[in-house]
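Each chain, written out:
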Amino acid sequence: MKTVRVRDVVIGEGVPKVCVPIVETKVKDAVLSAGNLKAGGADVAEWRIDWLDDAHDISKVVEAAGCIRKALKEIPLLATFRTAGEGGEKEISVQQYIDLYLALIRSGYVDLIDVELFFDDEAGKILVGEAHKEGVCVIASNHDFQKTPEKEELFRRVKLMIELGADIPKIAVMPRSMEDVMMLLTATYEMSHDISDRPIITMSMSKEGVISRFSGEFFGSALTFAAIGKESAPGQIEAGSLKKILSQIHDIIS
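What counts, and at which threshold
Residues numbered from 1 in each chain as written. Predicted model: local features only at pLDDT ≥ 70, side-chain atom pairs only at ≥ 80, totals over all residues. Heavy atoms only, no water. Pairing = 2+ DSSP bridges. Helix = DSSP H or I, 4+ residues; strand = E, 2+ residues; numbered from the N terminus. Contact = heavy atoms within 4.5 Å. Axes fitted to C-alpha atoms, helices over the stretch in contact; angles between N-to-C directions. Core = buried A, V, L, I, M, F, W, Y, C linked by side-chain atoms within 4.5 Å. Buried < 20%, exposed > 50% of the residue type's maximum accessible area, 1.4 Å probe, protein only. Expected span 1.5 Å × (residues − 1). Polar contact = N/O pair within 3.5 Å; in protein donor to acceptor, adjacent residues only side chain to side chain. UniProt positions renumbered as here; feature names shortened; annotations may be inferred.

## Focus: the sheet that holds strand S8 (residues 168-173)
In space, the nine strands of this open sheet follow the order S9-S8-S7-S6-S5-S4-S3-S10-S11, with parallel pairing throughout. Since the sheet does not close on itself, it has two edges, and those belong to strand S9 (201-204) and strand S11 (237-238), each with one partner. Judged from the three bridges that link them, strand S5 (residues 77-80) and strand S6 (residues 112-116) form a sheet pairing that is parallel. Bridge pairing links Ala79 to Ile113 in S6. Against the sheet, helix H1 (residues 27-40) contacts strand S3 (17-22) and strand S4 (44-48), and its axis sits at roughly 160° relative to S3. The sheet strands contacting helix H5 (residues 151-164) are strand S7 (137-144) and S8, and the helix crosses S8 at an angle near 150°.

Right under this line is the structure:
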């Protein structure tokens, strides 16, 4: 399996990396949060742009990205506009989505972008192509807050992400039972061994799916999301605690 190197972080080898979201409505608060992530145990920062009051003002978003980049120092920055259709805070048009991401890709401030698989096919192709030209990595994502799709459907979605050219496919689902959680873990193992030639990210949301957030090294999920303060999705664990658990698991199985 290929690994993905972003600054000094290698995704896809060793201990699963911990990504912490920045979920603030004001730029000053986002910058303050960014400055606290290193001490909190973050390997990667995800800036959830859709939380920002001025999320549709591209010039303000790019300016904010520069401030956040400076505050993060060497922590990689993942820029994400999560659409309302997949659990985000705001609606956005296809053209706005493209223009916003293109500005961020070309700014030099972001290391990765999150492109939703099913938002718009043409937008995905444009953004993956431009990101790779500029040396920016792409996480292709899909979020289902209602259910856990069947295993074959999960396979299909990851294959589509790979065909799109994403560096890292990501699937997040909502369990209705522990059987759903176990199926997601089994599917993750099979995808990481038989389907994907690159790192994948999977998670089962809510408290019921919490085991999926710290068992990635067993089943093949290369990165997990945790919180320092505000959560961006249900079931996120405090980052420092999760980091310790992941390290302990790694020491036991190494």
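## Considerations on the nonpolar core
In this structure, Trp47, Ile49, Leu104, Ile113 and Leu127 are the most contacted members of the largest nonpolar core, which totals 61 residues. When near neighbours in sequence (up to four residues on either side) are disregarded, Leu104 contacts Ile49, Val61, Val62, Ala65, Ala79, Tyr109 and Val110. The next biggest cluster of nonpolar side chains, apart from the first, holds 19 residues, and it includes Cys19, Val44, Leu78 and Leu223.

## Focus on helix H4 (residues 121-133)
Between its first and last C-alpha atoms H4 spans 19 Å; for 13 residues at 1.5 Å apiece the expected length is 18 Å, and the two agree. Of the residues making up H4, those classed as buried are Ala123, Gly124, Leu127, Val128, Glu130 and Ala131. Those residues of H4 that are buried are in contact with helix H3 (94-107), S6, S7 and H5. A distance of 3.2 Å separates the backbone nitrogen of Glu122 from a side-chain oxygen at the start of H4, and that oxygen is part of Asp120. Just downstream of H4, Gly135 is the residue with a positive phi angle, here 75°.

## Thoughts on the UniProt feature "active site" (unreviewed entry) in the protein
The feature "active site" (unreviewed entry), as given by UniProt, occupies His143 and Lys170 in the numbering adopted here. Maximum C-alpha separation among the annotated residues is 8.4 Å over a sequence range of 28 residues, consistent with a single clustered spot. Tracing the backbone shows His143 in strand S7. With residues up to four places along the chain from it excluded, the contact list for His143 reads Arg82, Glu86, Lys170 and Ala172. Side-chain polar atoms of His143 contact the side chain of Arg82, separated by 3.4 Å. For Lys170, the location among the structural elements is in strand S8.

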